[in-house]
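# Notes for the structure review
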Amino acid sequence: MAGGSRRLFSTSYPAKEISLSDFSQVVSLPVRRIDLGLSFAGSARLAGALRPQVPAVAEEAARRIEKRLPEFVRPHDPRYARGLETAVECAIGHFLDLLADQGVSSADVLDFWRRVGAGEAGEGRTLDSWHTAIRIGAGVAVEELTERAGRLGYRADASTMAGITHAMFDYMNQLAAAVSEGHADAAARAAGSQQDHRRRLLDLLLDEPAPAARDLREAAGEASWALPRTVAAVALRERGPETRRPSLPPDVLLGLHRAEPCLIVPDPEGPGRARLLERRLDGWTAAIGPAVEPTGAARSLRWARDALDLADEGLIDRDAAGPDAPIAAELHMPIIVMMRERDLVEKVIERRLAPLLAARPAQRHRLAETLLASLECGFNATAVSGHLHVHPQTVRYRFRQLEELFGDTIQATSDRLELHMALRAWLALNPEPSAREQLRYG
């Protein structure tokens, strides 16, 4: 290869130090040869004559690239300017090598341009500028090499010149493809590495006992995740076999790798957060735990899973906030807390609601609803009728029935909390009977 081309491979990528051995760990692709698809009499002699012109042509191409693309001008980093010129020199020099001998290996050149793409990915940049630069470089190369060949006394017919021009642009397109390969590979590996860090962070957040704040800060830093003031855990359950991976903002940690899928949402009470989850969790049944400090994420998930389990049992109305809205565990805390000690709650129900349970089956649910509403509305018949959407006279009639069942103790305040909890639990465990069942039991 020409001197300019050889020099390139001892020069590190200008924007980021990447050695060829490092790059072989980033991209592992089959070695392939660039084929110009061009052959004409005297091509080797022409290439040999033009090779000494390559540094000057590369300098001019780099100048025009910097003029058209100011992002390539970095006065604070002279390595970048030298690297750009060397890269162009490499490309043009190898083109002439191929023009002289189609069997010349392209392995080193393609590896270098993949490194260029990997370097851009490593700095978080797209390839738009590099692809434009390659097109500019190709145009300058054709223009300058044609002019210099003419000065050297080489004359070619229009067909040969068209073939050289086409071959140069096709060659540059192949280099651009190598840049894209390196960029895609490095970006994919970086994304995979970050995903691994985020999975470990999520697992750490859900550890019990709670992780130390220092450990969380370190893990969040490795995962490039800004540690928020509060988080909420979301318990997930697939609705069917075709459930798709949710598409969520990058700051939401996904725990789909866990036996019981979940999410961790930062700043869950921020504007639009609830609506975002409703839109992005199509195909999933979800329950969101209360907002807690990051070290309390495991508690938030435990409550969310309790809510999801109770919704599956029919003890929580999963569609109360909308068919696609996550169940807010915090709004169902009484039933969640009570159902953790279900045996004890059922004992309280048997004792405290014994008079109600002695009534006819068709009456029990109506009377239980009326008594619960009465406790919450201060036994105001008008307020209870509005709450239950029945006539006030119907409410007064039910009041009399309840007084007959419970006696004077019905309005006692000493154990009203116990009565209220027992009614809520019984109504949750005993859904309203259907119209057919009501007719059956009278």
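This text follows the structure it describes.
Summarised in this report is the structure supplied together with it. Owing to the predicted nature of the structure, the values given are computational and were not obtained by experimental measurement.

### Thoughts on the packing of aromatic side chains
Counted by the stated rule, this structure contains four aromatic pairs. Where Phe 112 meets Trp 113, the ring centres are 5.4 Å apart and the plane angle is 80 degrees; that geometry is what we call edge-to-face. An identical accessibility class is assigned to Phe 112 and Trp 113; each is buried. Between Trp 113 and Trp 130, the ring centres sit 5.8 Å apart and the planes meet at 80 degrees, which makes this aromatic pair edge-to-face. With Trp 113 in helix α6 (residues 107-122) and Trp 130 in helix α7 (residues 128-151), the pair connects residues that are 17 residues apart, well separated along the chain. Ring pairs connect the aromatic residues Phe 112, Trp 113 and Trp 130, which therefore count as one cluster.

### With respect to the nonpolar core
Counting 60 residues, the largest nonpolar core has Leu 201, Leu 371 and Leu 423 as the members making the most contacts within it. The next biggest cluster of nonpolar side chains, apart from the first, holds 50 residues, and it includes Ala 58, Ala 91, Phe 95 and Val 179.

### A few points about the pairing of strand β1 (residues 231-238)
Counting buried positions along β1 gives six out of eight residues, so the element sits mostly inside the fold. Bridging between β1 and strand β3 (residues 262-266) involves five bridges; their strand directions are antiparallel. Within β3, the position partnered with Val 231 by the bridge is Pro 266. Two elements, β1 and strand β4 (residues 284-288), share five bridges in a ladder whose sense is antiparallel. Counted as the bridge partner of Glu 238 is Trp 284 from β4.

### Section: the side chain of Glu 144
Relative to the helices and strands, Glu 144 is located in helix α7. Residues in contact with Glu 144, not counting those within four places in the same chain, are Val 57, Glu 60 and Arg 64.

### Quick word on the sheet that holds β1
Spatially, five strands are ordered β2-β3-β1-β4-β5 in an open sheet, and the strand pairing comes out mixed. The open sheet has two edge strands, β2 (253-255) and β5 (327-328), and neither has a second partner. Of the strands in this sheet, β1, β3 and β4 are in contact with helix α10 (residues 273-280), which crosses β3 at around 150 degrees. Those strands touched by helix α11 (residues 297-312) are β1, β3, β4 and β5, and its axis lies near 35 degrees from that of β1.

### Remarks on helix α18 (residues 416-429)
Residues lying three or four places apart along an α-helix face the same way, a consequence of the helix completing one turn every 3.6 residues. Taking 1.5 Å as the rise per residue, α18 with 14 residues should run 20 Å; its terminal C-alpha atoms sit 20 Å apart, in good agreement. Among the residues of α18, Leu 419, His 420, Ala 422, Leu 423, Ala 425, Trp 426, Leu 427 and Ala 428 are the ones counted as buried. Buried residues along α18 sit in contact with α12 (333-339), α13 (342-352), α14 (354-357) and α15 (361-376).

### Comments concerning empty space enclosed by the protein
Per the stated rule, a full pass over the model turns up two cavities of 30 Å³ or more. Forming the walls of the largest cavity are Ile 65, Leu 84, Val 88, Ala 91, Trp 113, Trp 130, Ala 133, Ile 134, Gly 137 and Met 172. Within the residue set of the lining of the largest cavity, elements represented by two or more residues are α5 (78-100) and α7. By residue number, the principal contributor to the lining of the largest cavity is α7, which donates four residues. In terms of residue class, the lining of the largest cavity is made up of nine nonpolar, one polar and no charged. Of the pockets and cavities examined, the second largest cavity occupies roughly 40 Å³. Its residues assigned to classes, the lining of the second largest cavity shows four nonpolar, one polar and one charged.

The rules we used
- Residues numbered from 1 in each chain as written.
- Predicted model: local features only at pLDDT ≥ 70, side-chain atom pairs only at ≥ 80, totals over all residues.
- Heavy atoms only, no water.
- Phe/Tyr/Trp six-rings, centres within 6.5 Å; stacked < 30°, edge-to-face > 60°.
- Buried < 20%, exposed > 50% of the residue type's maximum accessible area, 1.4 Å probe, protein only.
- Helix = DSSP H or I, 4+ residues; strand = E, 2+ residues; numbered from the N terminus.
- Core = buried A, V, L, I, M, F, W, Y, C linked by side-chain atoms within 4.5 Å.
- Pairing = 2+ DSSP bridges.
- Contact = heavy atoms within 4.5 Å.
- Axes fitted to C-alpha atoms, helices over the stretch in contact; angles between N-to-C directions.
- Expected span 1.5 Å × (residues − 1).
- 1 Å grid on protein atoms, 1.4 Å probe; cavity = no way out; pocket = protein on both sides within 12 Å on 5 of 7 lines; lining within 4 Å.
- Points joined across faces, edges and corners; volume = space filled by probe spheres on them.
- Nonpolar A, V, L, I, M, F, W, Y, C, P; charged D, E, K, R; others polar.

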